[in-house]
Amino acid sequence: MSGIGGLSFEMVTTPTLGPTLGMAQAGPDPQKPAGNAAVDEFLAYMKKSLAERMADAWLAAHGLDRAKLKAMKPDEREAVLKQMAEELKQQLQQATAAAKGARKTQAA
């Protein structure tokens, strides 16, 4: 499936949906000192690519997560991913149009 504005959603469409999606690993590193869960969550979020963050936000807004997406039948998953791509493309187009309008207003 093609991406939006150069972004690829391949990491969402891969059948394995493994660690490349930022899913939970085997557990905490035993050599790493116990840290603040909020800090760890923030750092994990910041390590995700923009496309991953956009996909996660879209899924959450639609009552889904990566585990539910992975559990879907392939044709259902493809339909959800197609809907995601279309909606995110529309959002990007609207944001671009709004930014262009703001620049015109500032230039005047």
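Computed from a predicted structure; not experimentally measured.

**Things to note about the overall build of the protein chain**
In step 1: Assigned secondary structure in the protein chain consists of five helices and zero strands.
In step 2: Counting from the amino terminus, helix and strand elements in the protein chain follow one another as α-α-α-α-α.
In step 3: Of all 108 residues assigned to the protein chain, the portion counted as buried reaches 22%.
In step 4: Restricting to contacts in the protein chain with at least 6 residues of sequence separation, those with at least 24 account for 63%.

**Looking at the confidence of the model for the protein chain**
In step 1: Residue-level pLDDT values for the protein chain average 78, and 67% of them are 70 or greater.
In step 2: Here helix H1 (residues 10–13) is the element of the protein chain with the lowest mean pLDDT, 49, and helix H4 (residues 66–71) is the one with the highest, 95.
In step 3: Note that pLDDT drops below 50 for residues 13–25; the model gives that stretch 18 contacts with residues more than four away or on any other chain.

**Overview of the packing of aromatic side chains**
In step 1: Scanning the entire structure with this criterion turns up zero aromatic pairs.
In step 2: Taking the ring centre of Tyr-45 as reference, the NZ or CZ of Arg-53 above it sits at 5.4 Å.

**Considering helix H3 (residues 50–61)**
In step 1: Over its 12 residues, H3 runs 16 Å from end to end, which matches the ideal 16 Å to within 8%, given 1.5 Å per residue.
In step 2: Within H3, burial applies to Ala-51, Glu-52, Met-54, Ala-55, Asp-56, Trp-58 and Leu-59.
In step 3: Where H3 ends, the next residue or the one after it, Gly-63, has phi of about 70°, a positive value.

**Examining the nonpolar core**
Inside soluble globular proteins, nonpolar side chains tend to come together where they are buried.
In step 1: Formed by Met-54, Ala-55, Trp-58, Leu-59, Leu-69, Met-72, Val-80, Leu-81, Met-84 and Leu-88, the largest nonpolar core amounts to 10 residues.
In step 2: Where this core is concerned, the elements lending two or more residues are H3 and helix H5 (74–107).
In step 3: Non-local contacts of Trp-58, meaning those with residues more than four positions away in its chain, are made with Val-80, Gln-83, Met-84, Glu-87 and Leu-88.

**Side note on the side chain of Arg-77**
In step 1: In this structure, Arg-77 sits in helix H5.
In step 2: For the buried Arg-77, no salt bridge is present, and the opposite-charge side chain at shortest range is Glu-78, 6.4 Å distant.
In step 3: Polar contacts involving the side chain of Arg-77 include one to the main-chain carbonyl oxygen of Met-72, which spans 3.2 Å.
In step 4: Dropping the residues within four chain positions of it, Arg-77 is found in contact with Leu-69, Lys-70 and Met-72.

**Some details on the pattern of salt bridges**
In step 1: In this structure the tally under the stated criterion is two salt bridges.
In step 2: Between Asp-56 and Lys-48 there is a salt bridge, with the nearest N and O atoms lying 2.4 Å from each other. The same class applies to Asp-56 and to Lys-48, which are both buried.
In step 3: Here Arg-66 and Asp-56 are joined by a salt bridge, their closest N and O atoms 2.6 Å apart. Here Asp-56 lies in helix H3 and Arg-66 lies in helix H4, a separation of 10 residues in the sequence. The same class applies to Arg-66 and to Asp-56, which are both buried.
In step 4: Three or more residues are tied together by salt bridges with common partners; here these are Lys-48, Asp-56 and Arg-66.

The rules behind each value
Residues numbered from 1 in each chain as written. Predicted model: local features only at pLDDT ≥ 70, side-chain atom pairs only at ≥ 80, totals over all residues. Heavy atoms only, no water. Helix = DSSP H or I, 4+ residues; strand = E, 2+ residues; numbered from the N terminus. Buried < 20%, exposed > 50% of the residue type's maximum accessible area, 1.4 Å probe, protein only. Contact = heavy atoms within 4.5 Å. pLDDT = per-residue confidence, 0-100. Phe/Tyr/Trp six-rings, centres within 6.5 Å; stacked < 30°, edge-to-face > 60°. Lys NZ or Arg CZ within 6 Å of the ring centre and 35° of its normal. Expected span 1.5 Å × (residues − 1). Core = buried A, V, L, I, M, F, W, Y, C linked by side-chain atoms within 4.5 Å. Lys, Arg positive; Asp, Glu negative; His and termini not counted. Salt bridge = Lys/Arg side-chain N within 4 Å of Asp/Glu carboxyl O. Polar contact = N/O pair within 3.5 Å; in protein donor to acceptor, adjacent residues only side chain to side chain.

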